[in-house]
Amino acid sequence: KGSQLKLFTPGPVYVPERILNELAKPNDTHRSKPYEEMHKKVKNDLQKLLFTNNECLIFASSASGIMEACVRNLMKNDEKGLFLSIGAFGDRWHSIAEQNGKNAIKRQVEWGRAFKPELVKECLSEDTYSLVCLQSNETSTGVYNPVKEIVPIIKDYGALVCIDATSSMAGVKIEVDKLGIDVCLASVQKCLAMPPGLAVASVSEEAFNKAETVQNRGFYFDFQYFLKKNKSNQTPTTPPIPHIRALAAQLDYILNQEKLED
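Residues numbered from 1 in each chain as written. Predicted model: local features only at pLDDT ≥ 70, side-chain atom pairs only at ≥ 80, totals over all residues. Heavy atoms only, no water.

S.K.: Looking at this structure, how should I read the overall build of the protein?
M.R.: Counting its regular elements, the protein contains 10 helices and nine strands. A compact globule built from 262 residues would reach a C-alpha radius of gyration of about 18 Å, and the protein, at 18 Å, matches this within 12%. Taking the principal axes of its C-alpha atoms as reference, the protein extends roughly 55 × 40 × 35 Å. Counting every position in the protein, which comprises 262 residues, the buried fraction comes to 54%. Contacts in the protein between residues far apart in sequence, at least 24 positions, make up 72% of those at least 6 positions apart. (Helix = DSSP H or I, 4+ residues; strand = E, 2+ residues; numbered from the N terminus. Rg over C-alpha atoms; globule rule 2.2 N^0.38 Å. Buried < 20%, exposed > 50% of the residue type's maximum accessible area, 1.4 Å probe, protein only. Contact = heavy atoms within 4.5 Å.)

Laid out in C-alpha coordinates, this is it:
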(Lines give C-alpha, C1' and ligand atoms only; values in the text may rest on other atoms or scores of the structure.)
Protein backbone atom coordinates (compact mmCIF):
# COMPACT_ATOMS: atom_id res chain seq x y z
CA LYS A 1 0.00 0.00 0.00
CA GLY A 2 1.13 3.51 -0.75
CA SER A 3 1.68 6.27 1.77
CA GLN A 4 -1.43 7.41 3.61
CA LEU A 5 0.25 10.76 4.28
CA LYS A 6 -0.94 13.85 2.43
CA LEU A 7 1.98 16.24 2.71
CA PHE A 8 1.49 19.96 2.08
CA THR A 9 5.01 21.03 3.07
CA PRO A 10 7.47 22.70 0.63
CA GLY A 11 9.31 19.38 0.61
CA PRO A 12 9.39 16.47 1.07
CA VAL A 13 6.13 16.46 -0.84
CA TYR A 14 3.46 13.83 -1.45
CA VAL A 15 4.85 11.07 -3.69
CA PRO A 16 2.47 9.62 -6.31
CA GLU A 17 1.67 5.91 -6.26
CA ARG A 18 3.32 5.32 -9.65
CA ILE A 19 6.65 6.58 -8.25
CA LEU A 20 6.33 4.46 -5.08
CA ASN A 21 5.81 1.45 -7.38
CA GLU A 22 9.05 2.25 -9.23
CA LEU A 23 10.91 2.43 -5.92
CA ALA A 24 9.59 -1.01 -4.93
CA LYS A 25 11.15 -2.84 -7.90
CA PRO A 26 14.31 -4.91 -7.35
CA ASN A 27 17.50 -3.14 -8.37
CA ASP A 28 20.40 -4.19 -10.55
CA THR A 29 24.03 -3.31 -9.73
CA HIS A 30 25.28 0.16 -10.61
CA ARG A 31 28.07 -1.30 -12.77
CA SER A 32 25.69 -3.13 -15.11
CA LYS A 33 24.56 -2.34 -18.67
CA PRO A 34 20.88 -1.88 -17.64
CA TYR A 35 21.94 0.66 -15.01
CA GLU A 36 24.11 2.51 -17.51
CA GLU A 37 21.17 2.76 -19.93
CA MET A 38 18.96 4.15 -17.15
CA HIS A 39 21.65 6.61 -16.06
CA LYS A 40 22.05 7.82 -19.65
CA LYS A 41 18.30 8.38 -19.96
CA VAL A 42 18.18 10.40 -16.73
CA LYS A 43 21.18 12.44 -17.88
CA ASN A 44 19.59 13.22 -21.25
CA ASP A 45 16.18 14.00 -19.77
CA LEU A 46 17.72 16.38 -17.20
CA GLN A 47 19.35 18.23 -20.10
CA LYS A 48 15.92 18.64 -21.71
CA LEU A 49 14.35 19.78 -18.42
CA LEU A 50 17.07 22.39 -17.88
CA PHE A 51 17.42 23.48 -21.53
CA THR A 52 21.14 22.69 -21.48
CA ASN A 53 23.87 20.80 -23.29
CA ASN A 54 25.93 20.75 -20.08
CA GLU A 55 26.75 17.49 -18.34
CA CYS A 56 24.04 16.55 -15.82
CA LEU A 57 25.24 14.71 -12.73
CA ILE A 58 23.44 12.56 -10.14
CA PHE A 59 24.46 12.80 -6.46
CA ALA A 60 23.58 10.53 -3.53
CA SER A 61 22.92 13.43 -1.15
CA SER A 62 20.61 16.34 -0.48
CA ALA A 63 21.12 19.59 -2.40
CA SER A 64 23.37 20.81 0.43
CA GLY A 65 25.94 18.25 -0.72
CA ILE A 66 26.17 19.90 -4.14
CA MET A 67 26.25 23.33 -2.47
CA GLU A 68 29.36 22.09 -0.68
CA ALA A 69 30.69 20.63 -3.94
CA CYS A 70 30.47 24.08 -5.55
CA VAL A 71 32.66 25.74 -2.92
CA ARG A 72 35.13 22.81 -2.80
CA ASN A 73 35.50 22.52 -6.58
CA LEU A 74 35.22 26.09 -7.81
CA MET A 75 37.13 28.27 -5.31
CA LYS A 76 40.89 28.45 -4.86
CA ASN A 77 42.26 29.49 -1.47
CA ASP A 78 43.30 32.93 -2.73
CA GLU A 79 39.93 33.69 -4.34
CA LYS A 80 36.77 35.25 -2.97
CA GLY A 81 33.22 33.98 -3.33
CA LEU A 82 30.08 36.11 -3.10
CA PHE A 83 26.99 34.57 -1.47
CA LEU A 84 23.76 36.44 -2.12
CA SER A 85 21.34 35.48 0.65
CA ILE A 86 17.61 36.12 0.86
CA GLY A 87 16.89 33.49 3.52
CA ALA A 88 17.99 30.40 5.44
CA PHE A 89 19.48 28.49 2.52
CA GLY A 90 21.46 31.49 1.29
CA ASP A 91 22.84 31.75 4.82
CA ARG A 92 23.59 28.02 4.76
CA TRP A 93 25.59 28.27 1.52
CA HIS A 94 27.74 31.03 3.00
CA SER A 95 28.21 28.97 6.18
CA ILE A 96 29.23 25.90 4.12
CA ALA A 97 31.90 27.99 2.37
CA GLU A 98 33.22 29.36 5.65
CA GLN A 99 33.35 25.89 7.22
CA ASN A 100 35.38 24.72 4.24
CA GLY A 101 37.91 27.47 4.92
CA LYS A 102 36.96 29.57 1.89
CA ASN A 103 37.04 33.36 1.69
CA ALA A 104 33.27 33.84 1.59
CA ILE A 105 31.51 37.21 1.53
CA LYS A 106 27.78 37.36 2.28
CA ARG A 107 25.46 40.08 1.05
CA GLN A 108 21.84 39.87 2.08
CA VAL A 109 18.47 41.54 1.86
CA GLU A 110 15.59 41.38 4.29
CA TRP A 111 13.85 38.00 4.40
CA GLY A 112 10.75 38.14 2.22
CA ARG A 113 12.50 40.23 -0.44
CA ALA A 114 14.54 39.36 -3.53
CA PHE A 115 17.80 40.77 -4.89
CA LYS A 116 17.30 43.55 -7.42
CA PRO A 117 19.70 43.61 -10.40
CA GLU A 118 21.00 47.08 -9.42
CA LEU A 119 21.96 45.81 -5.95
CA VAL A 120 23.72 42.79 -7.45
CA LYS A 121 25.79 45.15 -9.65
CA GLU A 122 26.64 47.18 -6.56
CA CYS A 123 27.77 44.07 -4.64
CA LEU A 124 29.86 42.81 -7.55
CA SER A 125 31.59 46.17 -7.98
CA GLU A 126 32.88 46.08 -4.37
CA ASP A 127 35.53 43.41 -5.03
CA THR A 128 36.71 40.69 -7.42
CA TYR A 129 34.80 37.43 -7.05
CA SER A 130 35.56 34.16 -8.82
CA LEU A 131 32.29 32.54 -7.73
CA VAL A 132 28.77 33.80 -6.99
CA CYS A 133 26.15 31.56 -5.35
CA LEU A 134 22.44 32.22 -4.87
CA GLN A 135 19.05 30.56 -4.72
CA SER A 136 16.51 30.84 -7.54
CA ASN A 137 13.62 30.21 -5.17
CA GLU A 138 14.47 30.56 -1.47
CA THR A 139 12.53 27.74 0.22
CA SER A 140 12.46 29.39 3.65
CA THR A 141 10.63 32.49 2.39
CA GLY A 142 9.02 31.40 -0.89
CA VAL A 143 10.68 34.33 -2.68
CA TYR A 144 11.98 33.90 -6.25
CA ASN A 145 15.09 35.84 -7.24
CA PRO A 146 14.98 37.45 -10.72
CA VAL A 147 17.66 35.07 -12.02
CA LYS A 148 16.94 35.95 -15.66
CA GLU A 149 18.23 39.46 -14.96
CA ILE A 150 20.80 38.63 -12.26
CA VAL A 151 22.77 35.76 -13.86
CA PRO A 152 23.85 37.66 -17.03
CA ILE A 153 25.08 40.54 -14.81
CA ILE A 154 27.21 38.14 -12.78
CA LYS A 155 28.63 36.57 -15.95
CA ASP A 156 29.56 40.06 -17.22
CA TYR A 157 31.78 40.38 -14.14
CA GLY A 158 33.59 37.17 -15.08
CA ALA A 159 32.47 34.99 -12.17
CA LEU A 160 31.16 31.45 -12.21
CA VAL A 161 27.47 31.30 -11.21
CA CYS A 162 25.92 28.56 -9.08
CA ILE A 163 22.14 28.44 -8.63
CA ASP A 164 20.38 26.39 -5.98
CA ALA A 165 17.10 25.57 -7.73
CA THR A 166 15.87 23.07 -5.13
CA SER A 167 12.34 24.44 -4.77
CA SER A 168 11.99 25.56 -8.40
CA MET A 169 13.56 22.91 -10.67
CA ALA A 170 10.75 21.24 -12.67
CA GLY A 171 8.35 23.87 -11.33
CA VAL A 172 9.74 27.06 -12.88
CA LYS A 173 11.39 27.15 -16.31
CA ILE A 174 15.16 27.61 -16.00
CA GLU A 175 17.03 27.98 -19.29
CA VAL A 176 20.53 27.08 -18.12
CA ASP A 177 22.44 27.64 -21.37
CA LYS A 178 20.59 30.80 -22.37
CA LEU A 179 21.41 32.39 -18.99
CA GLY A 180 24.92 30.93 -18.70
CA ILE A 181 24.42 29.17 -15.35
CA ASP A 182 27.55 27.16 -14.46
CA VAL A 183 25.98 24.91 -11.82
CA CYS A 184 22.21 24.50 -11.51
CA LEU A 185 21.43 22.15 -8.65
CA ALA A 186 18.44 20.70 -6.82
CA SER A 187 17.35 17.83 -4.65
CA VAL A 188 14.37 15.77 -5.79
CA GLN A 189 11.86 16.03 -2.93
CA LYS A 190 10.12 19.21 -4.08
CA CYS A 191 8.79 19.89 -7.62
CA LEU A 192 10.14 16.54 -8.84
CA ALA A 193 7.82 14.88 -6.29
CA MET A 194 10.10 12.11 -5.09
CA PRO A 195 11.27 10.93 -1.67
CA PRO A 196 14.44 12.71 -0.45
CA GLY A 197 17.86 11.16 -0.90
CA LEU A 198 18.99 12.24 -4.36
CA ALA A 199 20.25 15.48 -5.87
CA VAL A 200 21.05 16.52 -9.44
CA ALA A 201 23.00 19.28 -11.13
CA SER A 202 24.00 20.57 -14.54
CA VAL A 203 27.67 21.60 -14.63
CA SER A 204 29.23 23.74 -17.36
CA GLU A 205 32.47 23.02 -19.19
CA GLU A 206 33.85 26.24 -17.68
CA ALA A 207 33.11 24.91 -14.18
CA PHE A 208 34.75 21.54 -14.91
CA ASN A 209 37.82 23.33 -16.30
CA LYS A 210 38.01 25.47 -13.15
CA ALA A 211 37.70 22.40 -10.89
CA GLU A 212 40.70 20.86 -12.62
CA THR A 213 42.85 23.75 -11.31
CA VAL A 214 41.54 23.64 -7.71
CA GLN A 215 43.37 21.58 -5.08
CA ASN A 216 41.74 19.62 -2.24
CA ARG A 217 38.37 19.16 -3.90
CA GLY A 218 37.66 16.26 -1.58
CA PHE A 219 36.61 12.77 -2.68
CA TYR A 220 32.84 12.34 -2.44
CA PHE A 221 31.89 15.45 -4.43
CA ASP A 222 34.85 15.82 -6.79
CA PHE A 223 33.45 17.25 -10.05
CA GLN A 224 36.32 15.77 -12.11
CA TYR A 225 35.66 12.27 -10.75
CA PHE A 226 31.94 12.69 -11.40
CA LEU A 227 32.62 13.86 -14.96
CA LYS A 228 34.83 10.87 -15.71
CA LYS A 229 32.23 8.37 -14.43
CA ASN A 230 29.30 10.28 -15.98
CA LYS A 231 30.84 9.90 -19.44
CA SER A 232 30.51 6.12 -19.01
CA ASN A 233 27.00 6.57 -17.52
CA GLN A 234 28.00 5.68 -13.99
CA THR A 235 28.46 7.39 -10.62
CA PRO A 236 31.74 7.39 -8.65
CA THR A 237 30.25 5.54 -5.68
CA THR A 238 27.21 3.31 -5.18
CA PRO A 239 24.08 5.37 -5.89
CA PRO A 240 20.52 4.83 -4.58
CA ILE A 241 19.44 2.85 -7.66
CA PRO A 242 15.68 2.68 -6.81
CA HIS A 243 15.65 6.49 -6.51
CA ILE A 244 17.32 6.86 -9.89
CA ARG A 245 14.82 4.46 -11.47
CA ALA A 246 12.01 6.55 -9.95
CA LEU A 247 13.64 9.74 -11.24
CA ALA A 248 13.85 8.22 -14.72
CA ALA A 249 10.11 7.51 -14.57
CA GLN A 250 9.29 10.97 -13.21
CA LEU A 251 11.35 12.80 -15.84
CA ASP A 252 9.72 10.69 -18.55
CA TYR A 253 6.31 11.63 -17.15
CA ILE A 254 7.18 15.35 -17.00
CA LEU A 255 8.64 15.47 -20.51
CA ASN A 256 6.25 13.14 -22.34
CA GLN A 257 2.96 13.25 -20.39
CA GLU A 258 2.78 16.71 -18.83
CA LYS A 259 5.20 18.22 -21.39
CA LEU A 260 7.28 21.34 -20.94
CA GLU A 261 5.91 24.72 -21.87
CA ASP A 262 7.40 26.25 -25.01
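S.K.: Explain the sheet that holds strand E1 (residues 55-59) here, please?
M.R.: As a general point, the strands of a sheet are linked pairwise by backbone hydrogen bonds and lie either parallel or antiparallel. Strands sit in the order E1-E9-E8-E7-E4-E2-E3 across an open sheet of seven strands; the sheet is mixed. The open sheet has two edge strands, E1 and strand E3 (103-108), and neither has a second partner. The sheet shows a mean angle of 20 degrees between the axes of neighbouring strands, taken without regard to direction. Here four bridges tie strand E2 (residues 80-85) to strand E4 (residues 131-135), and the two strands are oriented parallel to one another. Counterpart to phenylalanine 83 in the pairing with E4 is cysteine 133. (Pairing = 2+ DSSP bridges. Axes fitted to C-alpha atoms, helices over the stretch in contact; angles between N-to-C directions.)

S.K.: Would you mind going over unusual backbone geometry with me for this structure?
M.R.: With a phi close to 80 degrees, alanine 170 is a non-glycine residue in the positive phi region. Following the sequence through the fold, alanine 170 ends up in the loop between strand E7 (160-164) and helix H7 (176-179). Take alanine 170: its relative accessible area is 31%, and that puts it in the partly exposed class. At asparagine 233, a position not held by glycine, the phi torsion is positive, near 60 degrees. Overall, the relative accessible area of 13% leaves asparagine 233 in the buried class.

S.K.: Help me understand the environment of leucine 185, please; the structure alone is not making it clear to me.
M.R.: The residue leucine 185 is located in strand E8 (residues 183-187) in this model. Those residues within four positions of leucine 185 in sequence are excluded, and the remaining contacts are Ala63, Ile66, Met67, Cys70, Trp93, Ile163, Asp164, Ala165, Thr166, Met169, Val200 and Ala201.

S.K.: For this particular structure, what's the right way to read a nonpolar patch on the surface?
M.R.: Where nonpolar side chains cluster on the molecular surface, the patch consists of Leu5, Leu7 and Tyr14 and spans about 260 Å² of accessible area. As for its position among the elements, leucine 5 is in the segment before helix H1 (17-23). In this structure leucine 5 comes out as exposed when scored by relative accessible area, which is 54%. (Patch = residues over 30% accessible without salt bridge, like charges linked within 9 Å, V, L, I, M, F, W, Y side chains within 5 Å. Areas by Shrake-Rupley, 256 points an atom, 1.4 Å probe, with all protein chains shown as cover. Salt bridge = Lys/Arg side-chain N within 4 Å of Asp/Glu carboxyl O.)

S.K.: Explain helix H5 (residues 117-125) to me, please; I cannot follow it from the model alone.
M.R.: For an α-helix, 3.6 residues make a turn, and residues three or four places apart therefore share a direction. Pro117, Val120, Cys123 and Leu124 are the residues of H5 that are buried. With its buried residues spanning 115 degrees around the axis, H5 presents them on a single face. (Arc of directions from axis to C-beta.)

S.K.: I'm lost on the packing of aromatic side chains in this one. Help?
M.R.: Aromatic ring pairs: the centre-centre distance and the angle between the two ring planes describe each pair. A full pass over the atoms with the stated rule returns five aromatic pairs. Both rings, one in phenylalanine 59 and one in phenylalanine 221, keep their centres 6.2 Å apart while their planes meet at 35 degrees; by these two values the pair is tilted. Pair noted here: phenylalanine 59 is in strand E1 and phenylalanine 221 is in the loop between helix H8 (205-212) and helix H9 (223-231), with a separation of 162 residues, a long-range link. Taken as a pair, phenylalanine 59 and phenylalanine 221 share a single burial class, namely buried. Each member of the aromatic cluster is reached from another via a ring pair, and the members are Phe59, Tyr220, Phe221 and Phe226. (Phe/Tyr/Trp six-rings, centres within 6.5 Å; stacked < 30°, edge-to-face > 60°.)

S.K.: Where do I start with the pattern of salt bridges in this structure?
M.R.: Where charged atoms of side chains with opposite charge meet at close range, the side chains can pair. Tallied over the entire structure, the rule returns 15 salt bridges. We note a salt bridge from lysine 25 to glutamate 22, for which the minimum N-O separation is 3.2 Å. A relative accessible area of 40% places lysine 25 in the partly exposed class. Each of the salt bridges in this network shares a partner with another, and the network as a whole consists of Lys41, Asp45, Lys48 and Asp252.

S.K.: Sorry if this is basic, but what is going on with the pairing of E4 here?
M.R.: Two faces belong to every sheet, and in a regular strand the side chains alternate between them. Burial analysis of E4 places five of its five residues in the buried class, which makes it a mostly covered element. The alternating pattern of E4 places Leu131, Cys133 and Gln135 and Val132 and Leu134 on opposite faces, both of which are buried.

S.K.: Whenever I open this one, the packing of H5 against helix H6 (residues 147-156) confuses me. Can you help?
M.R.: When two helices pack together, their arrangement is given by the angle between the helix axes and the distance between those axes. H6 packs onto H5 with a crossing angle of 20 degrees between their chain directions and a minimal axis gap of 9 Å. For the element pair H5 / H6, the angle class is roughly parallel. Relative to H6, H5 is oriented so that their crossing is right-handed. Only Glu149, Ile150, Ile153 and Ile154 of H6 make contact with H5, whose side of the interface consists of Pro117, Val120, Lys121 and Leu124. Here the residues of the contact of H5 with H6 sort into six nonpolar, no polar and two charged. (Parallel < 35°, antiparallel > 145°, perpendicular 65-115°, else oblique. Left-handed = near helix turned anticlockwise from the far one by under 90°. Nonpolar A, V, L, I, M, F, W, Y, C, P; charged D, E, K, R; others polar.)

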